[in-house]
Amino acid sequence: MADDTEQLLRRVPLFEGIEPRALAALAALAHPRSYARGELIFREGEDGVGMYVIASGRVLVFHERNGVEDPIKEEGPGEVFGEISLLVDHPRIASVKAIEPTTCLIMTAWSFRQALDGSPHLARQMLTHVARWLVEAEDRSAAIDRKAAATAHI
């Protein structure tokens, strides 16, 4: 199972380029958990305690508005959700449920933070990814602002 876990984590963009020793340490922190079709994995607003890597199956990420699910996206094997909670204590920003039988590898924030403390390489890698997320968020925000300005002139 450890080799499979390492292979799966190697495909996660958040962990791209991590040295093999650090990746093996992260793999040792991950624990599998299975969910039945329709089972809620977590609800928007709950405390985020860790990240999930989908090993098999599919999930739906959604917001719930007035009792109605507003789908955001579907994710499948090799994709991750809940990764923000690895780095900051913040409530979940969306709900996630299994839409077919699904197995995830769960990595808790406290375990991940201990791994960061022990690996400067891993910490640098995470800083690079966080900076990339910020740039992408800024680019999306600027694109929305440009679109709104263009629409206002019509």
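Scroll up to find the structure.
Cut-offs used in this document
- Residues numbered from 1 in each chain as written.
- Predicted model: local features only at pLDDT ≥ 70, side-chain atom pairs only at ≥ 80, totals over all residues.
- Heavy atoms only, no water.
- Helix = DSSP H or I, 4+ residues; strand = E, 2+ residues; numbered from the N terminus.
- Buried < 20%, exposed > 50% of the residue type's maximum accessible area, 1.4 Å probe, protein only.
- Contact = heavy atoms within 4.5 Å.
- 1 Å grid on protein atoms, 1.4 Å probe; cavity = no way out; pocket = protein on both sides within 12 Å on 5 of 7 lines; lining within 4 Å.
- Points joined across faces, edges and corners; volume = space filled by probe spheres on them.
- Nonpolar A, V, L, I, M, F, W, Y, C, P; charged D, E, K, R; others polar.
- Pairing = 2+ DSSP bridges.
- Salt bridge = Lys/Arg side-chain N within 4 Å of Asp/Glu carboxyl O.
- Phe/Tyr/Trp six-rings, centres within 6.5 Å; stacked < 30°, edge-to-face > 60°.
- Lys NZ or Arg CZ within 6 Å of the ring centre and 35° of its normal.

Colleague: Just to check I follow, could you spell out the overall build of the protein chain for this structure?
Modeller: When its secondary structure is counted, the protein chain shows five helices and eight strands. Taken from N to C terminus, the helices and strands of the protein chain fall in the order α-α-β-β-β-β-β-β-α-β-β-α-α. Across the 154 residues in the protein chain, those meeting the buried criterion constitute 38%. In the protein chain, 73% of the contacts between residues at least 6 apart in sequence involve partners at least 24 apart.

Colleague: I'm lost on the layout of surface pockets in this one. Help?
Modeller: Any empty space left between atoms is shown by rolling a water-sized probe over those atoms. Looking at the largest pocket, its volume works out to about 1,000 Å³. Taken together, 34 residues form the lining of the largest pocket, with Lys73, Glu83, Ile84, Ile93 and Trp133 sitting closest to its centre. Here the element with the most residues in the lining of the largest pocket is helix α5 (residues 120-152); it accounts for eight residues. Across the lining of the largest pocket, the residue classes tally to 19 nonpolar, seven polar and eight charged.

Colleague: I would appreciate a short explanation of the pairing of strand β4 (residues 59-65) in the present structure.
Modeller: For a regular strand, side chains alternate in direction, first toward one face of the sheet and then toward the other. Summarising burial for β4: five of the seven residues are buried, a large majority. Across seven bridges, the pairing between β4 and strand β5 (residues 68-75) is antiparallel. Of the residues in β5, the one forming a bridge with Phe62 is Pro71. With antiparallel pairing between neighbouring strands as the criterion, β4 and β5 make up a hairpin whose turn holds two residues, including Asn66 at a positive phi of roughly 55 degrees. Two strands pair when backbone bridges link them, and β4 and strand β7 (residues 95-98) are joined in this way by four bridges, in the antiparallel orientation. When the sheet's bridge partners are listed, Phe62 is paired in β7 with Ser95.

Colleague: Can you walk me through the pairing of strand β8 (residues 102-108) in this structure?
Modeller: The element β8 is largely enclosed, with a buried count of six among its seven residues. Taken together, the six bridges between strand β3 (residues 50-56) and β8 define a ladder with antiparallel strand orientation. By the bridge assignment for β8, Val53 is matched with Leu105.

Colleague: Just to check I follow, could you spell out the pattern of salt bridges for this structure?
Modeller: It is possible for side chains bearing opposite charge to pair when their charged atoms get close. For the coordinates displayed, the defined rule picks out seven salt bridges. Its salt-bridge partner being Arg113, residue Asp89 comes within 3.3 Å of it at the nearest N-O pair. With a gap of 24 residues between them, Asp89 in the loop between α3 (84-87) and β7 and Arg113 in helix α4 (residues 109-118) connect regions that are remote in the sequence. Among the residues examined, Asp89 registers a relative accessible area of 68% and is labelled exposed. Exposure remark for Arg113: the relative accessible area of 27% places this residue in the partly exposed category.

Colleague: Sorry if this is basic, but what is going on with the side chain of Ser119 here?
Modeller: Inspection of the secondary structure puts Ser119 in the loop between α4 and α5. In contact with Ser119, not counting residues within four places along its chain, are Glu19 and Ala22.

Colleague: Looking at this model, I keep getting lost on the packing of aromatic side chains. Mind explaining?
Modeller: A full pass over the atoms with the stated rule returns four aromatic pairs. On the basis of an interplanar angle of 45 degrees and a centroid distance of 6.3 Å, the ring pair of Phe15 and Phe112 is categorised as tilted. Placement of Phe15 in the loop between α1 (2-10) and α2 (20-29) and of Phe112 in helix α4 is noted, with a sequence separation of 97 residues between them. We note that Phe15, like Phe112, is buried. When the ring centre of Phe42 is taken as origin, the NZ or CZ atom of Arg92, which lies over that ring, is 3.9 Å away. When the ring centre of Phe62 is taken as reference, the NZ or CZ atom of Lys97 above it lies at 5.9 Å.

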